[in-house]
Amino acid sequence: MIGRASLAAARRLGRALSWEPMQTLSHAPVVLPQANEPCWCGSGRKYKRCHKRSEGRVLPGVVSPVRTVPATIGRPPYADTGEVVRWDEPRVKTPDVIARMRVAGRLAAEILRLAGERVRPGITTDEIDAYVHELHVERDCYPSPLNYHGYPKSVCTSVNEVICHGIPDSRPLQDGDIVNLDVTAFYGGVHGDTNATFGVGDVDPASRQLVRVTEEATWHGIEAVKPGRPLSDIGRAIEDHAKQYRYGVIRAFIGHGIGEQFHSDIQVLHYYDSRASMIMRPGMTFTIEPMISLGTWQHKMWDDDWTAVTADGKRTAQFEHTIVVTDDGCDVLTGGDGAVSPTAPWNR
Ligand code: MF3
Ligand code: CO
Ligand code: CO
């Protein structure tokens, strides 16, 4: 079968053969061509039909071999098979489950903070993964992403236009990147899930504003949690804030119920939809994790079937907390002292 890629390769080859003399630049020059001028690489194709679409984009690197977790550490059921078998888990947790989730949440928050302190230009996302893996093992935690539906690493590392589920690889972080680290720790039979977006070196003002506003939107969502109210209040609060900056709220990825299972059936949309009518009850546990972009809310997937990127290639940021609904609002199980985003920014 001839796929699109090989047709494109054949076309490139044909053009290259009729293009004399052939230039062979392997790196983009400092001054880039206009869209309709020939590409800098010497293919003979217009720049807009050749390298323009990948310029400045994140490229996949090499993924290192799978890391192992000592057999003495308690593992979730999918750890050995990669298969996730869901069961009916009560949405309202018992005090015992909530107490264990507080511990898992605090551990996840601490690991996220320590991992974030390692972010700097030149470190590869694989090196961050190795460190996050070690931080889990030191704390007798299982890193929940590892082998979840076959996911190959212990943390998700999502750079620039990568929305979520970026797989750590050999790509060094570059000065000016933004990177989200999404940590989920399994401890005491329950999961704690939290993430934050970090700047790498000197970040441009537009990206810094995106990160700030995304953290604010997350806390607006958290402050909308009230028993007796529908889940749609959360999405409304987040979307209202993002809209003031004309940012896009990603739709394809949502917050989720969490507890003994990594993902259970509560769905937390980050935009307003009247159908999100489930009523919040004290003892419910779920995540709030909006992904907000400088452009479109639409996404596309890399061929690895994990990495989600913005359809327009613009940057996107995310923050995530695991919360429990209380009698008058919620407790943030992954917040508080020692967390990257401990409280609402306006309460600090
Ligand atoms: N931590 C992510 C979330 O917030 C899920 C990652 S699933 C993985 O829901 F398999 F990619 F790790
Ligand atoms: Co989550
Ligand atoms: Co997460």
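Residues numbered from 1 in each chain as written. Chains lettered and ligands numbered in written order. Predicted model: local features only at pLDDT ≥ 70, side-chain atom pairs only at ≥ 80, totals over all residues.

1. Here we look at the overall build of the chain
The number of helices and strands found in the chain is five helices and 15 strands. On C-alpha atoms alone, the chain measures out to a radius of gyration of 22 Å, which is about the 20 Å that the 2.2 N^0.38 rule sets for 348 residues. Oriented by its inertia axes, the alpha-carbon framework of the chain measures out at about 75 × 50 × 40 Å. Of all 348 residues assigned to the chain, the portion counted as buried reaches 45%. Taking contacts inside the chain between residues at least 6 apart in sequence as the whole, the part at least 24 apart equals 68%. (Helix = DSSP H or I, 4+ residues; strand = E, 2+ residues; numbered from the N terminus. Rg over C-alpha atoms; globule rule 2.2 N^0.38 Å. Buried ≥ 20, exposed ≤ 12 C-beta atoms within 10 Å, placed from the backbone. Contact = placed C-beta atoms within 7 Å.)

2. Digging into the nonpolar core
Counting residues in hydrophobic clusters, the biggest one holds 78 residues, and the most contacted among them are I111, L112, A115, L181, V183, A185 and I323. Sorting elements by how many residues they give to this core places helix α2 (residues 95-117) first, with nine residues. Residue contacts for A185: discarding those within four places in its chain leaves A104, L107, A108, I111, H136, C141, P143, S144 and G192. (Core = buried A, V, L, I, M, F, W, Y, C linked by C-beta atoms within 7 Å.)

3. With respect to the sheet that holds strand β13 (residues 316-318)
Taking strand neighbours across the sheet as the criterion, the three strands line up as β6-β10-β13 in an open arrangement whose pairing is antiparallel. Both edges of this open sheet fall to β6 (248-249) and β13, since each of them pairs with a single strand only. Sheet analysis places strand β10 (residues 291-293) next to β13, joined by three bridges and oriented antiparallel. For M291, the partnering residue across the bridge sits in β13 and is Q318. (Pairing = 2+ DSSP bridges.)

4. Notes on the pairing of strand β8 (residues 264-268)
Here strand β7 (residues 255-257) runs beside β8; their pairing, made up of three bridges, is antiparallel. Within the sheet, the bridge partner assigned to H256 lies in β8 and is Q267.

5. Quick notes on the environment of F319
Relative to the elements of secondary structure, F319 occurs in the loop between β13 and β14 (321-325). For the pair F319 and T197, spaced 122 residues apart in the sequence, the C-alpha separation amounts to 6.5 Å. Apart from the residues within four sequence positions on either side, F319 is in contact with N195, A196, T197, T214, E215, T218 and S341.

6. Quick word on the confidence of the model for the chain
Model confidence for the chain is summarised by a mean pLDDT of 93, while 93% of its residues fall at 70 or above. Throughout residues 1-21 the model reports pLDDT below 50, and contacts reaching past four residues in sequence, or to other chains, amount to ten contacts. (pLDDT = per-residue confidence, 0-100.)

7. As for the packing of helix α4 (residues 205-223) against helix α5 (residues 232-243)
Put simply, α4 and α5 touch, their axes get as near as 8 Å, and they point 150° apart. It follows from the interaxial angle that α4 and α5 lie roughly antiparallel. Crossing geometry of α4 relative to α5 is assigned as right-handed. Two secondary-structure elements touch here, α4 through V213, E216, A217, H220, G221 and E223 and α5 through I234, A237, I238, H241 and A242. Tallied by class, the residues present in the contact of α4 with α5 amount to six nonpolar, three polar and two charged. (Axes fitted to C-alpha atoms, helices over the stretch in contact; angles between N-to-C directions. Parallel < 35°, antiparallel > 145°, perpendicular 65-115°, else oblique. Left-handed = near helix turned anticlockwise from the far one by under 90°. Nonpolar A, V, L, I, M, F, W, Y, C, P; charged D, E, K, R; others polar.)

8. A few points about helix α3 (residues 125-138)
When the terminal C-alpha atoms of α3 are compared, their 20 Å separation across 14 residues agrees well with the 20 Å that a helix rising 1.5 Å per residue should span. Listed as buried for α3 are T125, D126, I128, D129, V132, H133, L135 and H136. Immediately beyond the C-terminal end of α3, within one or two residues, lies D140, with a positive phi of roughly 60°. (Expected span 1.5 Å × (residues − 1).)

9. Some words on unusual backbone geometry
We note that D140 has phi near 60°; this positive angle belongs to a residue other than glycine. Although it is not a glycine, H165 sits at a positive phi angle of roughly 65°.

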